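Examination of the molecular architecture
In case you want the letters, here they are:
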Amino acid sequence: RVQMQTEGAQFKNSFDAGLQIFRKSGFQNGLYAGISAAYLRQWLYGSCRIGIYAYLLEHAKLANVTAGRARDDISFPKKLSMGCISGGIGSFVGTPSELALVRMSADSKLPEAQRRNYNNVVDCIVRISRKEGAMNLWRGATPTVARATLLSACQL
């Protein structure tokens, strides 16, 4: 997906993109470039989002019991806000791995002399942090968090 979106891509469709990328860079460095970052992103974002939502939902249920209301009587706006909160936090936590995913996937599009040749997601995140500063791991976090906030509000 990232390679189809980067500048200079000349693909007819997804199948053609996969075939050309495989021919040029192979399986591991082409089609699966950035897979470790994709796994880390899913693990961080998904587990934070679901875990925080479950915690907030359980807290709301306990508050209902304490107040003498039905345990599961939680309003839609309250559930919506819990989804927003959990999605926003999960997305913020996962932003460094999202950045690593984009960098690792797009690395093969750079001229050979400019490639970073990351070994894995940890190598990528450590090198970005050392060369550009730790705060740059969250570059682009605002639109990512905003998108995830709305998405999680609707999904959870």
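I will try to describe carefully the structure that is included in this document.

1. As for the packing of helix H5 (residues 76–106) against helix H6 (residues 121–132)
The geometry of H5 relative to H6 is characterised by a closest axis approach of 9 Å and an angle of 100° between their N-to-C directions. Comparing their axes, H6 and H5 come out roughly perpendicular. From H5, Pro96, Ser97, Leu99, Ala100, Arg103 and Met104 reach across to H6, where they touch Val121, Cys124, Ile125, Ile128 and Glu132. Its residues placed into classes, the contact of H5 with H6 shows 8 nonpolar, 1 polar and 2 charged.

2. Observations regarding the nonpolar core
Ala37, Leu99, Ala100, Leu101, Met104, Tyr118, Val121, Cys124, Ile125, Ile128 and Leu137 together form the largest nonpolar core, which totals 11 residues. Of all the elements in the fold, those that place two or more residues in this core are H5 and H6. Dropping the residues within four chain positions of it, Ile128 is found in contact with Leu99, Arg103, Tyr118, Gly133 and Leu137. Ranked by size, the runner-up nonpolar core spans 5 residues in total, among them Tyr53, Ala60, Ile74 and Met82.

3. Focus on the environment of Gly94
For Gly94, the position within the fold is in helix H5. Here Gly94 falls in the buried class, since its relative accessible area comes to 4%. A C-alpha to C-alpha distance of 9.9 Å links Gly94 and Ala37, two positions 57 residues apart in sequence. Leave out the neighbours within four places in its chain, and Gly94 touches Arg41 and Leu44.

Reading guide: rules and limits
Residues numbered from 1 in each chain as written. Predicted model: local features only at pLDDT ≥ 70, side-chain atom pairs only at ≥ 80, totals over all residues. Heavy atoms only, no water. Axes fitted to C-alpha atoms, helices over the stretch in contact; angles between N-to-C directions. Helix = DSSP H or I, 4+ residues; strand = E, 2+ residues; numbered from the N terminus. Parallel < 35°, antiparallel > 145°, perpendicular 65-115°, else oblique. Contact = heavy atoms within 4.5 Å. Nonpolar A, V, L, I, M, F, W, Y, C, P; charged D, E, K, R; others polar. Core = buried A, V, L, I, M, F, W, Y, C linked by side-chain atoms within 4.5 Å. Buried < 20%, exposed > 50% of the residue type's maximum accessible area, 1.4 Å probe, protein only.

So far we have only geometry, and geometry alone does not tell us how the molecule works.
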